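# Coordinate inspection notes
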Amino acid sequence: MGWLYMQSLDGHSGPKQYLDAQFTYTRPEVTSKVLRSALAGMRVYYAAVELIRSDTGKRDVFAVVCLVRYNPRDKEGYIFGYKDMDESSGPCECDCPASILDLLTPIDAKYALDWRARCRENLATRRARAAKPGPRAGQVIVFDEVLRFANGRSFERLEVVANPRGRGAVLFRAPDSGGLYRISNIKSRSYQLFDPPRG
């Protein structure tokens, strides 16, 4: 299915509430209800949708993923657009929260199973990064692979120093020149930290 754009949210307070309403309905043959949903970064909507068939009473809970574009100041007035798919389409977006994944019922569809596995792997990676100790001023950081910077320099070992401007993140000092470097997404890199010798 392609993108669907609109000029209003039909009275809903935001994209998440609008999409929750779209996937919650009752028809003669089926009842659909959003059990839980989340809007990740205003770009991707994830939902656990319960479907109960009227004739058999069969209950399934599957994942819906919507790409979202929301711009209340759009020049043409099309403030909201979305592209929906279910998990059996094997969406590329796989950052579904565990609270939604935990509600899904078993499924046989290969693409859905692959998608669920990718989401679980991403959750595990994020948990591991969050638990990983971050560098503190005074430590030495040694990377498993040489880090190359835009100025052509490469380092395996750097000193961790406090940001002289006092703005949160630490800086990294080259041991030979004393040059200071910033490293984005530091916890996504593989490294070891060493405290300075005592005494």
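Before reading further, recall that the structure is shown in the block above.
The present account deals with the structure reproduced in this document. Since this is a predicted model, take the numbers as computed values, not measurements.

For the rest of this paragraph, the subject is the overall build of the protein. What the protein contains, in helices and strands, is three helices and 11 strands. Order of helices (α) and strands (β) in the protein, N terminus to C terminus: β-α-β-β-β-β-β-α-α-β-β-β-β-β. Relative to the globule expectation of 16 Å for 199 residues, the C-alpha radius of gyration of the protein, 24 Å, shows a markedly less compact shape. Once the C-alpha set of the protein is aligned to its principal axes, its extents read approximately 75 × 45 × 30 Å. For the protein, buried positions account for 32% of its 199 residues. Counted over contacts in the protein with a minimum sequence separation of 6, partners at least 24 positions apart contribute 48%. Within the structure as shown, the protein displays about 12,400 Å² of accessible surface, and the carbon and sulfur contribution to it stands at 49%. If you average the places of the 31 positive and of the 23 negative side-chain charges in the protein, the two averages end up 8 Å apart.

Within this structure, the stated rule accounts for 10 aromatic pairs. Between the aromatic rings of Y18 and F80, the centroid separation amounts to 5.4 Å while the plane-to-plane angle is 75 degrees, which identifies the pairing as edge-to-face. Of the two residues, Y18 sits in helix α1 (residues 15–22) while F80 sits in strand β6 (residues 80–86), which places them 62 residues apart along the sequence. Accessibility classification places Y18 together with F80 in one group, the buried group. Grouped by ring-pair contacts, the aromatic residues Y18, Y70, F80 and Y82 constitute a single cluster. Taking the ring centre of Y191 as reference, the NZ or CZ of K132 above it sits at 4.1 Å.

Rules behind the numbers
- Residues numbered from 1 in each chain as written.
- Predicted model: local features only at pLDDT ≥ 70, side-chain atom pairs only at ≥ 80, totals over all residues.
- Heavy atoms only, no water.
- Helix = DSSP H or I, 4+ residues; strand = E, 2+ residues; numbered from the N terminus.
- Rg over C-alpha atoms; globule rule 2.2 N^0.38 Å.
- Buried < 20%, exposed > 50% of the residue type's maximum accessible area, 1.4 Å probe, protein only.
- Contact = heavy atoms within 4.5 Å.
- Areas by Shrake-Rupley, 256 points an atom, 1.4 Å probe, with all protein chains shown as cover.
- Lys, Arg positive; Asp, Glu negative; His and termini not counted.
- Charge placed at Lys NZ, Arg CZ, Asp CG, Glu CD.
- Phe/Tyr/Trp six-rings, centres within 6.5 Å; stacked < 30°, edge-to-face > 60°.
- Lys NZ or Arg CZ within 6 Å of the ring centre and 35° of its normal.

Any functional reading would require information beyond the geometric quantities listed.
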